[in-house]
Each structure stands twice: as C-alpha cells, then as structure tokens.
Amino acid sequence: ILFESVIVPLCFLFCCMSETTCPGYSEVESAFEAFIHQLTQIQDSAQLQLEEFKQARAKREWNVNRARNTAQTEKRITLDIGGTLFRTTCSTLLSKKDTFFTAMLSGDHWLPDPDTGAYFID
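Residues numbered from 1 in each chain as written. Predicted model: local features only at pLDDT ≥ 70, side-chain atom pairs only at ≥ 80, totals over all residues. Heavy atoms only, no water.

Within the secondary structure, Asp80 is located in strand E1 (residues 76-81). Although Asp80 is buried, it forms no salt bridge, and the closest oppositely charged side chain is Arg87 at an N-O distance of 13 Å. Asp80 has contacts with Leu85, Ala118, Tyr119, Phe120 and Ile121, leaving out every residue within four places of it along the chain. (Helix = DSSP H or I, 4+ residues; strand = E, 2+ residues; numbered from the N terminus. Buried < 20%, exposed > 50% of the residue type's maximum accessible area, 1.4 Å probe, protein only. Lys, Arg positive; Asp, Glu negative; His and termini not counted. Salt bridge = Lys/Arg side-chain N within 4 Å of Asp/Glu carboxyl O. Contact = heavy atoms within 4.5 Å.)

Set out below in structure tokens:
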C-alpha cells in the first residue's frame, strides 16, 4: 500500500518536477500533501501514546515499590535527627509519593546505623 500510494507518486512527482510538463502533477502533489498530513497525525498520536505509557510505567513502578515495602510499612523505625531520636512507622513516612523518605526507603539507599538501629539525618 505504501509503495502504491506514496513511492510511485513521489517518483512521478520528482521525475516531472514541473506542472507544465507533467499531466496529473496537481493530483500527485495533493496526494503527497495528504500523506504528509496523515504522517503528522500518526506521529502526534504515537507521541501521546508514548507519554501515556511513560506515566503508566511510573505509576506501576511506584506501586511495585510500595508493595515491596508493605511488609515493612507497619514496622516502627527510629530516626536520629541531629542527635534527637524520633519513632514512627514506615507507612507514615511512605504515605506521600515523591518525597525524601520514599526515595530513601524504597531501596537500599539508606540503611540504619548498625549500632543504634536508627536512620541518621543531619
């Protein structure tokens, strides 16, 4: 279909290159412009679908990370903030996404002090 609807008319258009020497030039030109318009619509649609896919993937990754931490969410943890100890639960710290705590607790980035068991913040 692509060959018949685009390649042949393009070859025809480039071979003639002049409306005066090429019968059917305006029809080929119109067909080519319509094809370019369709390609633009396809590109716009693909870009939109890609953005939707990226958003869905980010949401899925967030849910996977949250599910991984579900077992630990009710676990009480101690925070050592400038020498003052605070106790809370992981679920409290993970209740909002895209925060310092979700970034630090969602992987192995931040480990408690081996001696005190507290997470140190200065």
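Once the structure has been displayed, the description carries forward.
Okay, the nonpolar core next. Ranked by size, the top nonpolar core spans nine residues in total: Ile77, Leu79, Cys90, Leu93, Leu94, Leu105, Trp110, Tyr119 and Ile121. Within the residue set of this core, elements represented by two or more residues are E1, helix H4 (90-93) and strand E3 (118-121). (Core = buried A, V, L, I, M, F, W, Y, C linked by side-chain atoms within 4.5 Å.)

Pairing between the strands of a sheet comes from backbone hydrogen bonds, and it takes one of two forms, parallel or antiparallel. Spatial ordering of the open sheet is given by E2-E1-E3, a layout of three strands whose pairing is mixed. Each end of this open sheet is capped by a strand with a single partner; those strands are strand E2 (84-89) and E3. Sheet twist, expressed as the average angle between the axes of neighbouring strands with direction ignored, equals 30 degrees. (Pairing = 2+ DSSP bridges. Axes fitted to C-alpha atoms, helices over the stretch in contact; angles between N-to-C directions.)

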